[in-house]
Structures are given as C-alpha cells and as structure tokens.
Amino acid sequence: MQTAPAAPATTRGAATAPPAIELRSISKAFGPVQANRDISLRVAPGTIHGIIGENGAGKSTLMSILYGFYRADAGEILIDGRPVAIPDSQAAIRAGIGMVFQHFKLVQNLSVLENVILGAEDGPLLRRSLARARAELAQLARDYELEVDPDAIVEDLSVGHQQRVEILKALYRDARILILDEPTGVLTPAEADHLFRILANLRQQGRTVILITHKLREIMEITDTVSVMRRGEMTATLRTAETGPEDLAERMVGRKVLLQVAKAPAQPGPEVLRVEGLRVTDDRGVERLRGIDLSLRAGEILGIAGVAGNGQSELLQVLGGYQRAEGRVLLNGAPIDLTGRRSDGRSRRARGIAHVPEDRQSRGLIMDFAAWENIAFGYHDAPEYRRNAILMDNAAMQTACARAMADFDVRPPLPMLPARAFSGGNQQKIVVAREIERNPDLLLVGQPTRGVDIGAIEFIHRRIVALRDAGKAVLLVSVELDEILGLADRIAVMFDGRIMGERLPGQTDERELGLMMAGMAEGAA
Amino acid sequence: MDFATLLQILDSTVRLGTPLLLACLAGLFSERAGVFDIGLEGKMLMAAFCAGAVAAVTGSPWAGLLAGVAGSVALGMVHALASISFRGNQLISGVAINFLASGLTVLLGQNLFHLGGRTPSLMKEGRFQPITLPGAETLREVPVIGPVYADLISGHSILVYLAFALVPLSWWVLARTRFGLRLRAVGENPAAVDTAGISVARMRYLALTITGVLCGLAGAYLAIALSAGFVKEMTAGRGYIALAALIFAKWRPVPALGATMLFGLLEAVSNRYQNLDLGGVVIPVQAMQALPYVLTVIILAGFVGKAIPPRAGGEPYVKER
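Numbers given to residues run from 1 along each chain, matching the order in which its sequence is written. In the order they appear in the text, chains get letters beginning with A and ligands get numbers beginning with 1. Only residues with pLDDT of at least 70 are given local features in this predicted model, and only at 80 or more are side-chain atom pairs given and counted; all residues enter the totals for whole chains, interfaces and linings. Think of the side-chain values as coming from all heavy atoms in the structure, minus any hydrogens and water.

## Here's the deal with the overall build of chain A
Counting its regular elements, chain A contains 17 helices and 20 strands. Only C-alpha atoms enter the radius of gyration; for comparison, a globular chain is expected to reach 2.2 Å times N to the power 0.38, where N is the number of residues. For chain A, the C-alpha radius of gyration of 25 Å lies close to 24 Å, the compact-globule estimate for 525 residues. Oriented by its inertia axes, the alpha-carbon framework of chain A measures out at about 75 × 50 × 45 Å. Residue burial is assigned from relative accessible area. The probe radius is 1.4 Å, only protein chains are included, and a residue is buried under 20% of its type maximum, exposed over 50%, and partly exposed in between. Across the 525 residues of chain A, 55% fall into the buried class. Shrake-Rupley sampling with a 1.4 Å probe provides the accessible areas, and residues are treated as covered by the protein chains on show and by no other component. On chain A, roughly 22500 Å² of surface is accessible, and the fraction owed to carbon and sulfur atoms is 50%. Charged residues are defined narrowly, with Lys and Arg counted positive, Asp and Glu counted negative, and His plus the chain ends left uncounted. Positions of charges follow a simple convention, taking NZ of Lys, CZ of Arg, CG of Asp or CD of Glu. Charge-centre separation for chain A: the mean point of 64 positive side chains lies 2 Å from the mean point of 68 negative side chains. For helices the rule is a DSSP run of H or I covering at least 4 residues; for strands it is a run of E covering at least 2, with both sets numbered from the N terminus onward.

## Some words on helix 13 (residues 285-300) of chain B
All names here are of chain B. An expected span of 1.5 Å times one less than the residue number is assigned to each helix. Counted at 1.5 Å a residue, the expected span for helix 13 with its 16 residues is 22 Å, and the 24 Å between its end C-alpha atoms agrees. Taking the largest bend as the criterion, helix 13 deviates by roughly 45 degrees, centred on leucine 291, and proline proline 292 comes between one and four positions later. Where helix 13 is concerned, the buried positions are Val285, Met288, Pro292, Leu295, Thr296 and Ile299. At any given residue, the bend is defined as the angle formed between two axes, one fitted to the seven residues that end at that position and one fitted to the seven that begin there.

## Observations concerning the sheet that holds strand 15 (residues 334-335) of chain A
Residues and elements named next belong to chain A. An order of 12-11-14-15 is seen for the four strands of this open sheet, with the pairing classed as antiparallel. Sheet topology places strand 12 (287-297) and strand 15 at the edges, where each strand pairs with a single neighbour. Together, strand 11 (271-281), strand 12 and strand 14 (326-331) form the strand contacts of helix 9 (residues 312-320), whose direction differs from that of strand 11 by roughly 115 degrees. DSSP calls a pair of strands paired once it identifies at least 2 bridges connecting them. Whether two residues touch is decided by their heavy atoms; if any such pair falls within 4.5 Å, the residues are in contact. To obtain each axis, a line is fitted to C-alpha atoms, and for helices this fit is confined to the stretch in contact; angles are then taken between N-to-C directions over 0 to 180 degrees.

## Focus on the UniProt feature "transmembrane region" (unreviewed entry) in chain B
All names here are of chain B. Using the residue numbers shown here, the UniProt feature "transmembrane region" (unreviewed entry) corresponds to residues 12-30, 65-84, 91-113, 153-174, 205-228 and 278-304. In this annotation, residues 12-30 is assigned 100% helix and 0% strand; the end-to-end C-alpha distance for the span is 28 Å. Between the C-alpha atoms that bound residues 205-228 the distance is 33 Å, and the span itself is 92% helix and 0% strand. UniProt positions are given in the numbering used here, feature names are shortened, and annotations may be inferred rather than shown by experiment.

## Things to note about helix 8 (residues 178-188) of chain B
Of all the 11 residues making up helix 8 of chain B, nine are buried; the element is thus mostly covered by neighbouring parts of the structure. Those residues of helix 8 of chain B that fall on the buried side of the exposure criterion are B:Gly180, B:Leu181, B:Arg182, B:Leu183, B:Arg184, B:Ala185, B:Val186, B:Gly187 and B:Glu188.

## Things to note about the UniProt feature "domain: ABC transporter" (unreviewed entry) in chain A
Under the present numbering, the feature "domain: ABC transporter" (unreviewed entry) in UniProt falls on residues 21-256 and 273-521 of chain A. Secondary structure content for residues 21-256 of chain A is 36% helix and 27% strand, while the C-alpha to C-alpha distance between its ends is 32 Å.

## Focus on the interface of chain B and chain A
The partner chain A presents 29 residues to the 23 residues of chain B that form the contact. Buried surface at the junction of chain B and chain A, both sides included, amounts to about 2200 Å², of which 55% is carbon and sulfur. Salt bridge, as applied in this entry: a Lys or Arg side-chain nitrogen positioned within 4 Å of an Asp or Glu carboxyl oxygen. Our count for the chain B to chain A interface comes out at three salt bridges. Across the salt bridge formed by A:Glu155 and B:Arg311, the nearest N and O atoms sit 2.7 Å from each other. We call two N or O atoms a polar contact when they sit within 3.5 Å, provided that within protein one can donate a hydrogen and the other can accept it, with sequence-adjacent residues counted only if both atoms are side-chain atoms. The tally of links from chain B across to chain A stands at eight residue pairs in polar contact (both at pLDDT 80 or more). Listing elements by their share of the side of chain B that touches chain A, those giving two or more residues are helix 7 (158-176), helix 8 and helix 9 (190-195) of chain B. Buried area is understood as the total, over both parts, of accessible area removed when two parts are fitted together, assessed with a 1.4 Å probe.

## Some points on the packing of helix 1 (residues 3-32) of chain B against helix 10 (residues 200-226) of chain B
Residues and elements named next belong to chain B. Relative orientation of the contacting elements helix 1 and helix 10 amounts to 165 degrees, with a least axis distance of 7 Å. What the angle tells us is that helix 1 and helix 10 run roughly antiparallel. Pair helix 1 / helix 10 crosses with left-handed handedness. Across the interface between the two elements, Arg15, Leu16, Thr18, Pro19, Leu22, Ala23, Leu25, Ala26, Gly27, Phe29 and Ser30 from helix 1 touch Ala207, Leu208, Ile210, Thr211, Leu214, Cys215, Leu217, Ala218, Tyr221, Leu222 and Leu226 from helix 10. Relative orientations are named as follows: roughly parallel for angles under 35 degrees, roughly antiparallel for angles over 145 degrees, roughly perpendicular for angles from 65 to 115 degrees, and oblique for any other angle. Each helix crossing is assigned a hand: it is left-handed if the near helix lies turned anticlockwise from the far helix by less than a right angle, otherwise right-handed if that turn is clockwise.

## Focus: the pairing of strand 12 of chain A
Residues and elements named next belong to chain A. Bridge analysis of strand 11 against strand 12 gives eight bridges, and the strand direction is antiparallel. Paired with leucine 273 across the bridge in strand 12 is leucine 296. Between strand 11 and strand 12, which pair antiparallel in sequence order, lie five residues; one of them, glycine 285, sits at a positive phi of approximately 85 degrees.

## Considerations on the confidence of the model for chain A
Residue and element names in this part refer to chain A. On average, residues of chain A carry a pLDDT of 88, and 95% of them reach 70 or more. Highest mean pLDDT in chain A belongs to helix 3 (residues 112-117) (96); lowest belongs to helix 8 (residues 245-253) (84). Every residue is assigned a pLDDT by the predictor, reflecting its confidence on a scale from 0 to 100. This stretch, residues 1-14, has a pLDDT under 50; its non-local contacts, to residues over four places away or in other chains, come to 19 contacts.

## Notes on the side chain of B:Arg238
Residue and element names in this part refer to chain B. Tracing the sequence through the fold places arginine 238 in helix 11 (residues 238-248). Taking relative accessible area as the criterion, arginine 238 reaches 10% and is therefore assigned buried. Of the polar contacts made by the side chain of arginine 238, one reaches the side chain of glutamate 267; its length is 3.0 Å. Beyond its immediate stretch of four places on either side in the chain, arginine 238 contacts Leu16, Pro19, Leu20, Glu41, Met44, Leu222 and Glu267.

## Overview of the domain arrangement of chain A
Residue and element names in this part refer to chain A. In this entry, domain limits derive from an automatic or database-based domain assignment. Segmenting chain A into domains produces domain 1 (19-253) and domain 2 (271-517). In this structure, domain 1 and domain 2 have C-alpha centres spaced 34 Å apart. In this assembly, domain 1 and domain 2 are joined by four salt bridges. Across the contact surface, domain 1 and domain 2 share zero residue pairs in polar contact (both at pLDDT 80 or more). Classes in brief: Ala, Val, Leu, Ile, Met, Phe, Trp, Tyr, Cys and Pro nonpolar; Asp, Glu, Lys and Arg charged; the others, Gly included, polar. When grouped by side-chain class, the residues that make up the side of domain 1 that touches domain 2 number four nonpolar, three polar and four charged.

## Focus: the confidence of the model for chain B
The predicted model of chain B averages 91 in pLDDT, with 97% of residues at 70 or higher. What the predictor reports for the complex is a pTM of 0.78 with an ipTM of 0.88.

## Quick look at the environment of A:Glu437
Its place among the elements puts A:Glu437 in helix 14 (residues 424-437). Taking the C-alpha atoms as reference, A:Glu437 lies 42 Å from A:Phe196; in sequence the two are 241 residues apart.

## Focus: the sheet that holds strand 3 (residues 48-53) of chain A
All names here are of chain A. With mixed pairing, six strands are arranged side by side in an open sheet as 6-7-8-3-9-10. Strands with a single pairing partner mark the edges of an open sheet, and in this sheet they are strand 6 (97-100) and strand 10 (233-239). Each strand axis lies, on average, 20 degrees off the axis of its neighbour in the sheet, ignoring direction. Where helix 5 (residues 159-172) meets the sheet, it contacts strand 6 and strand 7 (177-181), and its direction lies at approximately 170 degrees from that of strand 6. Contacting strand 3, strand 9 (225-230) and strand 10, helix 8 runs over the sheet at an angle of about 30 degrees to strand 9.

## Concerning a nonpolar patch on the surface
All names here are of chain B. On the surface, a nonpolar cluster with roughly 700 Å² of combined accessible area is contributed by Phe3, Leu6, Leu10, Leu139, Val142, Val144, Ile145, Leu262 and Leu265. The set of elements that each furnish at least two residues to the nonpolar patch consists of helix 1 and helix 12 (253-272). Among the structural elements, valine 142 can be located in the loop between helix 5 (136-139) and helix 6 (145-153). Taking relative accessible area as the criterion, valine 142 reaches 34% and is therefore assigned partly exposed. A patch consists of residues exposed above 30% relative accessible area that lack any salt bridge, with like charges linked at up to 9 Å and nonpolar side chains (Val, Leu, Ile, Met, Phe, Trp, Tyr) linked at up to 5 Å.

## A closer look at the packing of aromatic side chains
Residue and element names in this part refer to chain A. In this scheme Phe, Tyr and Trp rings, the latter by its six-membered ring, pair at centre separations within 6.5 Å, and the angle between planes marks the pair as stacked below 30 degrees, edge-to-face above 60, and tilted otherwise. Tallied over the full model, the rule gives eight aromatic pairs over all chains. On the basis of an interplanar angle of 90 degrees and a centroid distance of 6.3 Å, the ring pair of tyrosine 67 and phenylalanine 69 is categorised as edge-to-face. You can call phenylalanine 69 buried: its relative accessible area is 15%. When the centroid spacing of 5.8 Å and the interplanar angle of 80 degrees are considered together, the rings of tyrosine 67 and phenylalanine 101 count as edge-to-face. Of this pair, tyrosine 67 sits in the loop between helix 1 (59-66) and strand 4 (74-79) while phenylalanine 101 is found in the loop between strand 6 and helix 3, placing the two residues 34 residues apart along the sequence.

Below, the structure is given as structure tokens:
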C-alpha cells in the first residue's frame, strides 16, 4: 500500500507536493547545553537527504526528536504538510517514520519474523501475524533487494543482513520516511553498496530517506540534498550536486580541513616487529587468529584493514599484552613472552611497545578519573612520577598532563577534569598523547579516530605520521578504509583470523580491498 | 525394589516436585523478562503463611489459596517497584524480600496464633484433598497400568494437576502468543522492545505479577496441601532449588518439569531410605538429605553444559541517549 498521494514515484519532489518532513524552529537543550538551536528543515518526498556533522553537532538529538525519544523544547514537526505531535516512538511509527539505529535494536535469539512483528502484531496470537509477515517480507525482498531468510535466528546473520532486518521492520510498519543513523560503519564496501541500492530503490518507490553519516563520500554518492550541522545549528542545506567534499568538510568544521594527510614517502629502517604463526583460541574454543605472519620495519606504518571482528582486536590484544597466544613475536630481534608471567601490558611497555586501544573508554581510560591520572596510567611507576619508593608525585603528573594537553591541543586544557567530561576526540587525544609522549619503538593503534570529530582526526593522523617520520614503527588497525588508504605505507587485510594478503596503497583501491575483506580474491594479483 | 515401592517413590516425587515446579515456572516468567528473582523463596514462604493462616481462620482452602497468592503478589510488587521503577539492584531486592518474609511470617504467626510462629493445624476441610480420578478404583486391578493410574496419576490435590497443566500452558504462552513474544524480547533486548513502542516497565510488571501468582500457588501448596498448616521456614530453600532447576532447564518450561521432578525424586529417595545400605557401606541419612543441595551446587557450578541466561537479565532498563 503505497501512500504519499501527492508524490507520485516518478515526479520526485514535485513543486506541488508538500515536504515529506518539515521541521520548524526545533530547539532542544540538555541543562546548559543547547543540543539543537532553532533548526528548520524541509525534505521533499521521494528524495534521499543527508545530514552530516561532527560528533556532538546535534544530528542524533534532532533525529531522536523526530523519532519520539526526546521532546523538543520548542518548534513544530510537519509530516506531509500536516503538523504532528510525536511524544513517543509509537507516535513516530504511526506518523510513518521508521528508524535504523547505529546499534541495531534486534532481539538476538529470536527469528527474523519474530523481530519484524514485535510490537506490530495483529492480535494476541502470533500465528496470523507470522503468516502475514512472511508474505510481506517476500514481497519486500522482491521490491527492494532486501532478501533475508525469514526463519533465521538473528544472531546467526551477518551484520549486513541484520541491518536489512532493521529496514524490513520499518517497512513492515509501513514507514514512508526512513532514518538511518551511520548505517555503513559496520559494513564491508560490498554490503554498503548493496545498502545504497536498497536506498535508491526506496527513493524510486516514493519513500523518503534521511541518512545521517560522517562520511563525506557517502553523502556525495547517494544523497539528493544535504544539511550540515555544527554545534547544534543547521549551518547549510544544499543540493548535493552543487557542493563537494572539501566544501562540506569546511562547513562542518568551520575552517579549512586537509582531508588527505600530507606525508612523504616512508623511509623504512630495520625490522622492528616480526610475528610468526600467531594463533589465538577464545574461551568458547573458537580460533580467532589462525596463524598470522607479519613484519613491520622502523619508519613504516602497516595498516590492518578488515571488517570488525575478523581477528584484528585479538592481534592488538596479543601484542599489547592482555591476551595469551601461541606462536612467536620478535621485537627488535628479541622474542616477546606470549604466555608466561611477563606477558602483560606493563612488560610490553617496558620493551617499548605503546598501545592506543580500540575501545578507549574501557581499555584506554578510567572515565571517572582525572585527566592527569589517566595520562600517567601505565607509566605511573616511571621515575619522574615518583617521589620515593612509596609515594607518587602527583604534582609532577599534573605538570606533565598540562604540558601534554597544550602539545596535543586537548580542550579544555584542564588536568583536573575527569576523562568523562571531554568529548570523544579530546579523550582520544589524551590517550594518544600518553602513548606517543613516551617515544615508543612500536605504536599499536586501534581505531584511532572512531567517534572522533574531523578536526581531531586530522590532528591525530598528523601525529601518527610524525611518529613514523621519527623512525618509529606503527601498526594501525582500522575498519575505516579511507583511513588505512590515507595513512598506511603497506596494507594487510584480515579476514576470519588470517591475513588475506598485502597491498601497497598506491597500487590498490577500495574495490580490491573490499573483496579481500569479504574473504575473496585471495592470491589475486 | 518392587513395583509398589517404585510407585510410592514416584508418587512422592510428584508431590514433592510440585512446589518446585510451580516456583520454577514462577522464576521462569520473571527471568525471561529480564528480572532476576532470588526472592522466590521469600514469596513462597509468605504465601505459605498467608494460606495457612487464612485457611485456619476460615476453614476454606480456597480462601487460603487466594490469600497465599495475594501475599506472594504483594511481595512481588515490592520487588518490581524496587527493581523496575527505581532501577535498584535485583539481587539485593530479592535478598531483602527473603529476609522480610522470614521474619514477618514468624512475627505475625506468633502474634496471631501464639504457637511459636506456626499456624494452627488444619482440619481435613481446611486442606486441599486428594482427588480420585474417574475409574481409578475399577482400573486398579489391571496389571501395571492400573496401579500406575490409581496410585501415581490419580489421588493428588488439584494444585498438582494445575502445576502440570501449567507446563504446556507456559510453553504455549511464551512461544505462541504476542505476550510471550514481547516477554522473551524484553528479557533479551529491552531497547528493541522500547523502540517498537512497547513499555518495558509494563511488560516487566506483568511478568512479575505472574511470578507472584505462581509463587503463591507454590507456597499455598506447601502449607495447605502437602502439610496441614504453616511451620516457620517451611520452604527450606525450595526457592533456591527452583532457581537451580531453572538454570538446569535453561529457562524453558518443558525441561523445567524434568529438572524439578529430578529434585523431587532426590527428596523422595532421601525421605524413603533414611539409611541406605549399599552392601556393607551405610550411607547416613544426613548425606541422603543433602542430595538435592549437592545437585544444586553441581548444577550451578556449570556441569550441565553452558546455560545462557536471558541477555538483559539483572540489568534495570535505562533508556539510552
């Protein structure tokens, strides 16, 4: 049942049709923080509209208001030209709005069908609902390339398929407006391409899509119009065809941004890290690393690409000292203890391995501790932080922290503030500062820019390259292909606990790496 | 061991397993909804007291049953208020309920009846009587089937039959109804339920109400069907054993029947063979009586394979963002 009577599928955004979504002067404050300020927006039916902005720019808050999670302090929402009140998600669903969250809201141990009907059942017994959903899913699969096995248990599905279930959930509820929050973060390039085809199909059928992302490339590729948000305000709404990535980045950050890190060719020195036949088996007996061989030289950045969960985390954990493993790892020619008493983070640091962990909030920082305490962690028994055998020298740590904060442009530069009080980008700068300041031989970096705003990304990338230029070895693990392609001197692709192959950034592209990340094209030149 | 003895043991297995089964199903509903409930013990005890007291005063087992259920549901709502509305720690709330029930029942009992915390012994009319199923006496002479029907299947109180009927009913509710789907979902991922526009708190309150009712049946059964009145601490850890059985059954109704009957069997065996003589080696009565608890420890230590509890269990739901 296609609705939107005023917007026939073919005449996209015809002049006569009222906007599918219209926001009028939406404002929302959390305490003293103005998350959304006087935001107005019109999205024509049958279009894909992108919303781009840094973390904390207010994109998610705005969409949460539209989906009924928050109530705006002021302003009006119109759907198809009619004012609506959206006090909760149920009202949003009734108004024809569906949302695909960044973290899926699926029940892992239920089937696809059960997940789809949850909350939209036809009656107290499930039989009829399940039958109707089965038929409707088959139809949706044909219409939109949304094929999913309706009887599969969700936890057995790949992330890409789970995302399709989320989209199906929204369409089953007859959503004419679909909001997707950072949908490609967890997808392989091939899965992302498929998602974009689905979105294009939705547009063709007259549905309206709002795509929230921080990836400029996606905006350019799929959207018709784009809005830029900065510090709670909507700074611009543009036709995508009339703008470009540099222009958008500048509008997001409010100043000129270098999207590509300027770096000289690598000057590799002697081998710093050698990994041979590394194997890790997890608690459930699943082999996570199935024989990894790597070599990394001084003055070189080795990028490890791959979809999250293919063993990259385990590799970092083994090298960082908090995961036992079989195999051999040599640092500067001398073996590292992988199983014994000296297999811990502290011993690794003593050997000159610094680690910026993937999950900075659980592994990199203690969120309730002050910045100065966090900046000393792992190195707190260094002589300069000690007054004598028993007492620590807090004043020295605070001074060191103030210095590092100035050096790394951490804002606000207040050592006494708890880690929790900083934005994601500034938290990451604290961790990076701690690890780089020690001038390690080998820096392990996991997802250095996850949840970090563009300005800070640029800064962190520059510091990583500077470390390389100082003749240090860097092992960079990232799920962002752009980041790998921009920073790494060599690229190794991981899939299912193995290295699928190595490439040089200048001699490969996203398509080839994407195939390797999906476990294909092994050995292809 | 002859056939008659076997039948007797199985018969008492059913009688002793029934309160465990009811309590286990009670726990199943709350835990599948994502609320841990170690307060089963306290709710059963409160139900046993209320049932015993009211049955003694009114002389009606039905009034007693109703009072038992009411007492249990009331404590269940305390748990719900603490752990759902106020997002308190579910374990601490459960422990508090157990202590509260343990003290309150004796205090009230002593105050009302002056019998050292017990309730007056019930006359025949105050208890649920065994029901003789149709044809039990006529079929008794049929070999094997006759005695099984007459002695094992027939001759239990209404609550026993109710408990057994609740097993397929619980399965059906969980697997085949909208309520069951939402209940399972809310224990696994409440955020999914919330974004689907269903109230997480409402689902969990409903689940804990069912838990309260089933615990009430279990407690009332102890006081006015299995025994003839309330005795202090008469639940004797059955709430905890029911929890162990729940883990053993991996939070599923039909296996819950098997698990609770296994515990019932152990209790029946230890009651029957006070000192078990195994060809010269005599196993003392205390060892036999410890059997159910030993099994509990073994089960909880994870010797029965991996039991994965409902994923959101124990966590109060707080809306993200």
